[in-house]
Amino acid sequence: MKRSDIIRTIQVQFNRMRTTDAAAILDAVSDYAIESVANGNRIEIRGFGTFQPRTRAAKVGYNPSSGEKMTLAPGKTVLFKPSRELTKKMNG
């Protein structure tokens with residue numbers, strides 16, 4: 001599903017809303033979610049899942065071309081955990 005598909009779905013759901021209005025709604029929701037996770041907050045969307053920021057610890061890795069050991073810096077990532085409803089729907 002692409003961004004345009006979601007915008008079209010919003011338009012149909014709300015009686016042929018203008019494309020610019022539907023796009024603005026989608027942008028506002030996604031911007032808020034991105035900003036919240038970036039600030040370290042957990043986001044829960046009932047029936048869909050949760051997005052939670054995680055910090056990866058520093059670790060020792062190997063350079064694949066030379067085989068040398070190198071230290072990989074700690075990093076941040078986002079963990080997505082699907083809801084039970086989404087998991088049930090996906091598994092039939």
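Above this text is the structure in question.
Residues numbered from 1 in each chain as written. Predicted model: local features only at pLDDT ≥ 70, side-chain atom pairs only at ≥ 80, totals over all residues. Heavy atoms only, no water.

## Quick look at a nonpolar patch on the surface
Using the following cut-off: Patch membership requires over 30% relative accessible area and the absence of a salt bridge. Like charges are linked within 9 Å, and nonpolar side chains (Val, Leu, Ile, Met, Phe, Trp, Tyr) within 5 Å. For every accessible area listed, the method is Shrake-Rupley and the probe measures 1.4 Å; residues are considered covered only by the protein chains on display. A carboxyl oxygen of Asp or Glu within 4 Å of a side-chain nitrogen of Lys or Arg is what we treat as a salt bridge. Think of it this way: any DSSP run of H or I at least four residues long counts as a helix, any run of E at least two long counts as a strand, and we number them from the N terminus. When accessible area is computed with a 1.4 Å probe and restricted to protein chains, residues below 20% of their type maximum are described as buried, those above 50% as exposed, and intermediate ones as partly exposed.
On the surface, Ile 45, Phe 48 and Phe 80 cluster together to form a nonpolar patch covering roughly 250 Å² of accessible area. Residue position: Ile 45 is located in strand S1 (residues 43-45). Taking relative accessible area as the criterion, Ile 45 reaches 40% and is therefore assigned partly exposed.

## Quick notes on the sheet that holds S1
Keep this limit in mind: Two strands pair under a simple rule: DSSP has to find at least two bridges between them. Inter-axis angles, ranging from 0 to 180 degrees, are taken between N-to-C directions of lines fitted to C-alpha atoms, where helices are fitted over the stretch in contact. Should any heavy atoms of two residues lie within 4.5 Å, those residues are considered in contact.
With antiparallel pairing, three strands are arranged side by side in an open sheet as S1-S2-S5. The open sheet terminates on both sides in strands that have one partner only, identified here as S1 and strand S5 (75-82). Within the sheet, the average angular offset between the axes of one strand and its neighbour, ignoring direction, is 25°. Inspection of the sheet shows strand S2 (residues 49-56) paired to S5 by eight bridges, in the antiparallel sense. By the bridge assignment for S5, Thr 50 is matched with Lys 81. Most of the contacts of helix H2 (residues 19-38) go to S1, to which it runs at about 140°, and overall it touches S1, S2 and S5.

## Comments concerning the pattern of salt bridges
Where side chains of opposite charge bring their charged atoms close, a pairing between them can arise. One pass over the full model with this rule turns up five salt bridges. Between Arg 3 and Asp 27 there is a salt bridge, with its nearest N and O atoms 2.7 Å apart. Highlighted residues: Arg 3 in helix H1 (residues 3-13) and Asp 27 in helix H2, separated in sequence by 24 residues. Exposure remark for Arg 3: the relative accessible area of 44% places this residue in the partly exposed category. For Asp 27, a relative accessible area of 30% gives the class partly exposed. Salt bridges sharing partners connect three or more residues here, namely Arg 42, Glu 44 and Arg 46.

So yeah, pure geometry; function would need other evidence.
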